[in-house]
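Report on the structure
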Amino acid sequence: MTVSQYIIEGDKMIELKSKKIWISWTLVLILVIVNIFPSLVIAKEIESDVEEESEEESKVLSLDEAIEKGLENSFLLEQVKKEVELAKLIDKNATSSKQDLYDAKYDLLSASYELDDGRIEAYDSLAQLDSAEAALSNGIAPQDIPLPNGYTIPKGTNIRSFLNEVGLGDMVESIIASVQEQLDENRVALDEGLEALEAANKEYLSAKSEYDATITFAMTTVARKLGTSTISSLDATALADLLKEMASISNEVTAYSYNIYKNQVALLIQNSYYEALKQQKLLEAKDKARERGLLQYELAKAAYEVGAKSKDDMLLAKSYYEGTEIAYELQKKDYINAMTELKKNLNIPLDEEIILVEKEAEEIEDFDLDKGIQSGLRARLEIKKAKAQVAIYKELKKAVDKTYDHNDNQYKEAELLIEKAEIEYNKTKLDVEAEIRQSYTTLKAMEKSLEASKELLDNAKENLEIAKAKYEAGYGISNALLQNLNIESMSGTMVEVIAAEENLASMEERVIEITNGYNLARLKYLNDIGILPY
């Protein structure tokens, strides 16, 4: 090599070294800017936060605060509360209605007896009056007739003969007229009594008609609610007892259901809060991926501009970065929708700004499945309702016992309805136990996934650092990730870096999903076993 060639080659080497040094400083500068700029932004944000601290604090909404607010604002709970109040009122009314039916049955029965006695007495009096008038018209004393001089005309005696014997023959007409006047007064009084008796009978029939209509309506209601077909009527007092028991059982179950629904509303809020948090974390993960993509693109672009890397690398990095931008915008949509759903469940203005507080995965607890099943079979609302249905049909059978014989179809139907309710109760117990076991299995699976997820994320981060180092060094060594993706030949290239970027983003999202999934699985299991924290 000649001196001049050596100089030329030396100049080229110096120029290339200068380019490499410039590239290195460019990379360092970009890294420094990337690392410092957030600090500057944070510093400005801190200054701004000092001024708006109280305003920001008012927007922060923890999970517990969200549950409290949601329970206060819940339309469903207000409806259930009204149903509880209504059931309580119905139960109270059923007590007085039961007594009213008892009293009405007794009063109507007493009135019926009194009317019958009144009719017998009135008709007997009428017969006596007719007999007296017939006797008087024939000159016979219908009853003992006292005379002014101390004599008495005995009943059944001929008035004229008696008066002639005692020397009072001239008083015959006046005595007969006096007795007739008394009989006429008695007839008027008797007619008035018969009219009053007829009016009382009409009132009795009207009251009985209303009573019968009430009993019919009550029986129709019972038949509809209990699904009876042959049991079309019941003894009034037995029906009253049944209605009271039905109201009491309904009141008990409805009152119990309030706490169940309250906790279900809390669970709904927790689910939507965790979902919004998940979407927020995914948005942050997409933002991190976007930042990493931008940094990678700027590095590739800077390297390309000084001739250190190919245009393919720059374009590939640019394409990846643009993909992260699109993914970020799509995730923003999901985040906004999740926040809207949360606000709807909290019943707060949908345009109100709220800031969610990040919540880590709940502590892993060692739940006892057998105790959980026992708790669920004791506390679940479905169990309470099915058990109450059995109790109601047993009360129906008591009412049927007072009305029908054991050989009647009505009695057989009552027994079949009890058996049917018991089958449904046993089926409900089986369904509840199966649901609890499934929730427990899901919870345990999420526990294992949660424990493994952290290691996956750390491995993905390490893979990315290795890929970047290999790319910057410019040599390739195959690894498990590339083999899994079938791109071993791309080791040390931008393709490997992007593959590692995508793998890290995927792992970040997976950890978020698993953490959220574990929290929700835990909440569902507690709800399924009937634990009522609210």
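A quick note: this is a predicted structure, and the numbers were derived from the prediction, not measured. (Residues numbered from 1 in each chain as written. Predicted model: local features only at pLDDT ≥ 70, side-chain atom pairs only at ≥ 80, totals over all residues. Heavy atoms only, no water.)

In terms of helices and strands, the protein carries twelve helices and four strands. Taken across its 534 residues, the protein has 37% of its residues classed as buried. A separation of at least 24 residues holds for 76% of the contacts in the protein among residues at least 6 apart in sequence. Counting only carbon and sulfur atoms, one obtains 54% of the accessible surface of the protein, whose full area is about 31600 Å². (Helix = DSSP H or I, 4+ residues; strand = E, 2+ residues; numbered from the N terminus. Buried < 20%, exposed > 50% of the residue type's maximum accessible area, 1.4 Å probe, protein only. Contact = heavy atoms within 4.5 Å. Areas by Shrake-Rupley, 256 points an atom, 1.4 Å probe, with all protein chains shown as cover.)

In this description, an aromatic ring pair is defined by two values, namely the gap between the centres and the angle between the planes. By the definition in use, this model includes three aromatic pairs. Judged by centre distance (6.3 Å) and plane angle (0 degrees), the ring pair of tyrosine 297 and tyrosine 321 falls under stacked. On the criterion of sequence distance, the pair formed by tyrosine 297 in helix H6 (residues 236-305) and tyrosine 321 in helix H7 (residues 311-346) is long-range, its members being 24 residues apart. Residue classification places tyrosine 297 among the buried residues on the basis of a relative accessible area of 14%. Note on tyrosine 321: relative accessible area 16%, which makes it buried. A centroid spacing of 5.2 Å and a plane angle of 55 degrees characterise the contact between phenylalanine 367 and tyrosine 525, whose relative ring orientation is tilted. Of this pair, phenylalanine 367 sits in the loop between strand S4 (355-356) and helix H8 (369-379) while tyrosine 525 sits in helix H12 (residues 494-528), and the two are 158 residues apart along the sequence. The residues phenylalanine 367 and tyrosine 525 share a single accessibility class, namely buried. An aromatic cluster of at least three residues, connected via ring pairs, comprises Phe367, Tyr440 and Tyr525. One Lys or Arg, arginine 290, reaches over the ring of tyrosine 328 and ends 3.8 Å from the middle of that ring. The ring centre of tyrosine 256 lies 4.7 Å from the NZ or CZ of lysine 384, which sits over that ring. (Phe/Tyr/Trp six-rings, centres within 6.5 Å; stacked < 30°, edge-to-face > 60°. Lys NZ or Arg CZ within 6 Å of the ring centre and 35° of its normal.)

The computed volume of the largest pocket comes to approximately 950 Å³. Taken together, the elements giving at least two residues each to the lining of the largest pocket come down to helix H3 (75-137), helix H5 (172-226), H6 and helix H9 (381-401). In terms of residue count, H6 provides more of the lining of the largest pocket than any other element does, 13 residues in total. Partitioning the lining of the largest pocket into residue classes produces 20 nonpolar, nine polar and five charged. (1 Å grid on protein atoms, 1.4 Å probe; cavity = no way out; pocket = protein on both sides within 12 Å on 5 of 7 lines; lining within 4 Å. Points joined across faces, edges and corners; volume = space filled by probe spheres on them. Nonpolar A, V, L, I, M, F, W, Y, C, P; charged D, E, K, R; others polar.)

This model, assessed by the stated rule, comprises 30 salt bridges. Of the charged contacts in the structure, one is a salt bridge between arginine 119 and aspartate 116, with a shortest N-O distance of 3.1 Å. Highlighted residues: arginine 119 and aspartate 116, both in helix H3, separated by three residues, approximately one helical turn. Judged by relative accessible area, which is 25%, arginine 119 ranks as partly exposed. Between arginine 380 and glutamate 435 there is a salt bridge whose closest N-O contact spans 2.9 Å. Highlighted residues: arginine 380 in the loop between H8 and H9 and glutamate 435 in helix H10 (residues 409-473), separated in sequence by 55 residues. For glutamate 435, a relative accessible area of 27% puts it in the partly exposed group. One continuous salt-bridge network, built from bridges that share partners, spans Arg380, Glu382, Glu435, Lys524 and Asp528. (Salt bridge = Lys/Arg side-chain N within 4 Å of Asp/Glu carboxyl O.)

Looking now at the nonpolar core. Buried together is how nonpolar side chains tend to be arranged in soluble globular proteins. If you look at the biggest cluster of nonpolar residues, it comprises 71 residues, and the most contacted ones within it are Ile153, Ile159, Leu163, Leu234, Leu396, Val400 and Tyr525. For this core, the secondary-structure elements that each account for two or more residues are H3, helix H4 (159-165), H5, H6, H8, H9, H10 and H12. The element contributing the most residues to this core is H5, with 13 residues. Sequence-distant contacts of tyrosine 525, that is, excluding residues within four places in its chain, are made with Phe367, Asp368, Leu369, Gly372, Ile436, Ser439, Tyr440 and Leu443. (Core = buried A, V, L, I, M, F, W, Y, C linked by side-chain atoms within 4.5 Å.)

Once that is clear, we can look at the environment of leucine 109. Considering the arrangement of structural elements, one finds leucine 109 in helix H3. For the pair formed by leucine 109 and tyrosine 204, sequence separation is 95 residues and the distance between their alpha carbons is 9.9 Å.

A word on the packing of helix H2 (residues 63-73) against H6. At their nearest, the axes of H2 and H6 sit 9 Å apart, and the two run at 135 degrees to each other. When the axes of H2 and H6 are compared, the pair comes out oblique. As for how H2 packs across H6, the hand of that crossing is right-handed. In this structure, H2 contributes Leu63, Ala66, Ile67, Gly70 and Leu71 to the contact, and H6 contributes Lys262, Val265, Ala266, Ile269, Gln270, Tyr273 and Tyr274. Among the residues making up the contact of H2 with H6, the classes are represented as nine nonpolar, two polar and one charged. (Axes fitted to C-alpha atoms, helices over the stretch in contact; angles between N-to-C directions. Parallel < 35°, antiparallel > 145°, perpendicular 65-115°, else oblique. Left-handed = near helix turned anticlockwise from the far one by under 90°.)

In this section: unusual backbone geometry. Within the chain, asparagine 347 stands out as a residue other than glycine whose phi angle is a positive 60 degrees. Secondary-structure assignment places asparagine 347 in the loop between H7 and S4. Residue class for asparagine 347 comes out partly exposed when judged on its relative accessible area of 30%.

As a packed pair, H3 and H6 sit with axes 8 Å apart at the nearest point and diverge in direction by 170 degrees. In terms of orientation, H3 and H6 fall into the roughly antiparallel class. For the pair H3 and H6, the crossing hand works out as left-handed. Across the contact of H3 with H6, the residue classes break down as 17 nonpolar, seven polar and nine charged.

What follows deals with H3. In a regular helix each residue adds 1.5 Å, so 63 residues correspond to 93 Å; H3 covers 87 Å between its end C-alpha atoms and thus fits that length. A side-chain oxygen of the first residue of H3 lies 3.3 Å from the backbone nitrogen of leucine 76; this N-cap is serine 74. (Expected span 1.5 Å × (residues − 1). Polar contact = N/O pair within 3.5 Å; in protein donor to acceptor, adjacent residues only side chain to side chain.)

To continue, consider a nonpolar patch on the surface. On the surface, a nonpolar cluster with roughly 190 Å² of combined accessible area is contributed by Val60, Ile355 and Val357. Note on placement: valine 60 falls in strand S1 (residues 60-61). Of the residues examined, valine 60 reaches a relative accessible area of 35% and is grouped as partly exposed. (Patch = residues over 30% accessible without salt bridge, like charges linked within 9 Å, V, L, I, M, F, W, Y side chains within 5 Å.)

For serine 439, the position within the fold is in helix H10. Relative accessible area serves as the criterion here: at 5%, serine 439 is assigned to the buried category. Among the polar contacts made by the side chain of serine 439, one reaches the side chain of lysine 524 at a distance of 3.2 Å. Serine 439 has contacts with Lys524, Tyr525 and Asp528, leaving out every residue within four places of it along the chain.

For the rest of this paragraph, the subject is the confidence of the model for the protein. Counting all residues, the mean pLDDT for the protein is 81, and 83% of those residues have values of 70 or more. For residues 1-51, every residue scores under 50 in pLDDT, and the model assigns this stretch 17 contacts once sequence neighbours within four places are set aside. Within the model, the stretch residues 485-491 combines pLDDT values under 50 with 16 contacts to residues more than four positions away or in other chains. (pLDDT = per-residue confidence, 0-100.)

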